[in-house]
Amino acid sequence: MQWAVAKVRDILRVENISKRFGGVVALDNVTLSIREGSVTGLIGPNGSGKTTLFNVVSGFYPPDSGEVYFMGNRITGLNPNEIYNLGLVRTFQNPRLFPKLTVLENLLVAAESKGENMTRSIIKRNWVSNEIELIKKAQEITKSIGLEEVKRSIASDVSGAHMKLIETARSLMNNPKLLLVDEPAAGISYSAAKSLFNYLLELKNRYGLTLFIIEHRIDILMNYVDYIYVLHLGKLLSEGTPEEVLNDKKVIEAYIGD
């Protein structure tokens, strides 16, 4: 694939995306863009199409129509691991961890190991050096995101808040450029949710990330985002700054009627 080298201001563009499941229209001609370096929110009542949009963007669902562009290049039709390796990474509302592995091991399995290359693998010092680098990186990330104390714990034994952090930490192992975060505050306390959002902002600044976040807890989200899109019944209902969206009558009616 030939990649453009020009710097783009919009790291992600979604153009006229539609997706059906039988007779249900999950996404209906949705168009939006995400500015590089921004923190953008995606909200909407239950069933509005938010997670479906993330699944389309990250390659888990093919769109019925429309295009997705990442860093100025068309990625429509690529499979999830290809999109992941390009630097577009997503987390899930329910963390998909390896429950019998330690926290540190969960991070390591998400990393792209150069040791799997045939030429490198026959030279022991090459893959050993790579494994050492990955372990150091995983340890650095666990420390930076507040997982230092549980890094050797079995993943199934840690708290729900820690599981959310592990999901986010694991996504950093492959040097993402854009991170799609699905419901980071779901199922955890208000104080833990605020701490997690603060970590996300710290990670954004430390690693040069762009964040696109689905969140139901609007009271928390509004304090952290630059811009917000609102979906309703698969369509883009509203967009703007947090203040503009909160004062949009269409948004208020959509939530009251949900």
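Refer to the structure above for everything that follows.
Residues numbered from 1 in each chain as written. Predicted model: local features only at pLDDT ≥ 70, side-chain atom pairs only at ≥ 80, totals over all residues. Heavy atoms only, no water.

1. Quick notes on the nonpolar core
Spelled out, the test is: We define the nonpolar core as a collection of buried residues of types Ala, Val, Leu, Ile, Met, Phe, Trp, Tyr and Cys that are connected through side-chain atoms lying within 4.5 Å of one another. Only protein chains enter the area calculation, which uses a 1.4 Å probe; residues under 20% of their type maximum are buried, those over 50% are exposed, and those in between are partly exposed. Each helix is a run of DSSP H or I of at least 4 residues and each strand a run of E of at least 2, with the numbering of both proceeding from the N terminus. In what follows, residue pairs with any heavy atoms lying within 4.5 Å of each other are defined as contacts.
Ranked by internal contacts, the top residues of the largest apolar core, which has 45 residues, are Ile43, Leu147, Phe197 and Ile213. If you tally residues by element for this core, the top one is helix H7 (residues 190–207), at six residues. The residues contacting Leu147, other than those within four sequence positions of it, are Val103, Thr142, His162, Leu165, Ile166 and Ala169.

2. Topic: the pattern of salt bridges
Any two side chains of opposite charge can pair, on the condition that their charged atoms come close. We count it as follows: We define a salt bridge as a side-chain nitrogen of Lys or Arg found within 4 Å of a carboxyl oxygen belonging to Asp or Glu.
Tallied over the full model, the rule gives nine salt bridges. Put simply, Arg35 and Asp10 hold a salt bridge, and the shortest N to O gap is 3.1 Å. Taken together, the residues span a long stretch of sequence, with Arg35 in strand S2 (residues 24–35) and Asp10 in strand S1 (residues 10–21) at a distance of 25 residues. For Arg35, a relative accessible area of 43% puts it in the partly exposed group.

3. A few points about the packing of aromatic side chains
We count it as follows: Side-chain rings of Phe, Tyr and Trp, where Trp is taken by its six-membered ring, are said to pair if the distance between their centres is within 6.5 Å; with planes under 30 degrees apart they count as stacked, over 60 as edge-to-face, and otherwise as tilted. Cation placement over rings: the criterion is NZ of Lys or CZ of Arg within 6 Å of the ring centroid and within 35° of the ring normal.
Summed over the entire model, instances satisfying the criterion amount to five aromatic pairs. The interplanar angle of 55° and the centroid separation of 5.2 Å between the aromatic rings of Phe54 and Phe212 together place this pair among those described as tilted. Linking Phe54 in helix H1 (residues 50–57) with Phe212 in strand S8 (residues 210–214), this pair joins segments that are 158 residues apart in sequence. When its relative accessible area of 0% is taken as the criterion, Phe54 is described as buried. Between Arg13 and the ring centre of Tyr69, over which it is positioned, the NZ or CZ distance is 4.5 Å. The ring of Phe60 has Arg90 sitting right over it, with the charged end atom 5.5 Å from the ring centre.

4. A short note on unusual backbone geometry
Despite not being glycine, Asn16 shows a phi value in the positive range, around 55°. Along the polypeptide, Asn16 turns up in strand S1. For Asn16, a relative accessible area of 39% gives the class partly exposed.

5. Let's talk about the packing of helix H6 (residues 160–171) against H7
The following threshold applies: Where helices are involved, their axes are fitted lines through C-alpha atoms of the stretch in contact, as for all axes, and angles between N-to-C directions lie from 0 to 180°. Each angle is binned into one of four classes, with values under 35 degrees roughly parallel, values over 145 roughly antiparallel, values of 65 to 115 roughly perpendicular, and all other values oblique. Handedness of a crossing is defined here by the sense of rotation of the near helix relative to the far one, left-handed for an anticlockwise turn of less than a right angle and right-handed for a clockwise turn. Only Asp, Glu, Lys and Arg are considered charged in this grouping, and only Ala, Val, Leu, Ile, Met, Phe, Trp, Tyr, Cys and Pro are considered nonpolar; every other residue, Gly among them, is considered polar.
At a minimum axis distance of 10 Å, the contact between H6 and H7 shows a crossing angle of 15°. Considering their axes alone, H6 and H7 lie roughly parallel with respect to each other. For the crossing formed where H6 meets H7, the hand is right-handed. Only Ala192, Leu196, Tyr199, Leu200 and Leu203 of H7 make contact with H6, whose side of the interface consists of Ala161, Lys164, Leu165 and Thr168. Within the contact of H6 with H7, the residues separate by chemical class into seven nonpolar, one polar and one charged.

6. A look at the side chain of Lys164
We apply this condition: Charged residues are defined here as Lys and Arg on the positive side and Asp and Glu on the negative side; His and the ends of the chain fall outside this count.
Structurally, Lys164 can be placed in helix H6. Put simply, Lys164 is tucked away with no salt bridge, and the nearest opposite charge, on Glu183, sits 6.8 Å away. Beyond its immediate sequence surroundings of up to four residues, Lys164 is in contact with Gln93, Pro95, Glu183, Pro184, Ala186, Ile188 and Leu196.

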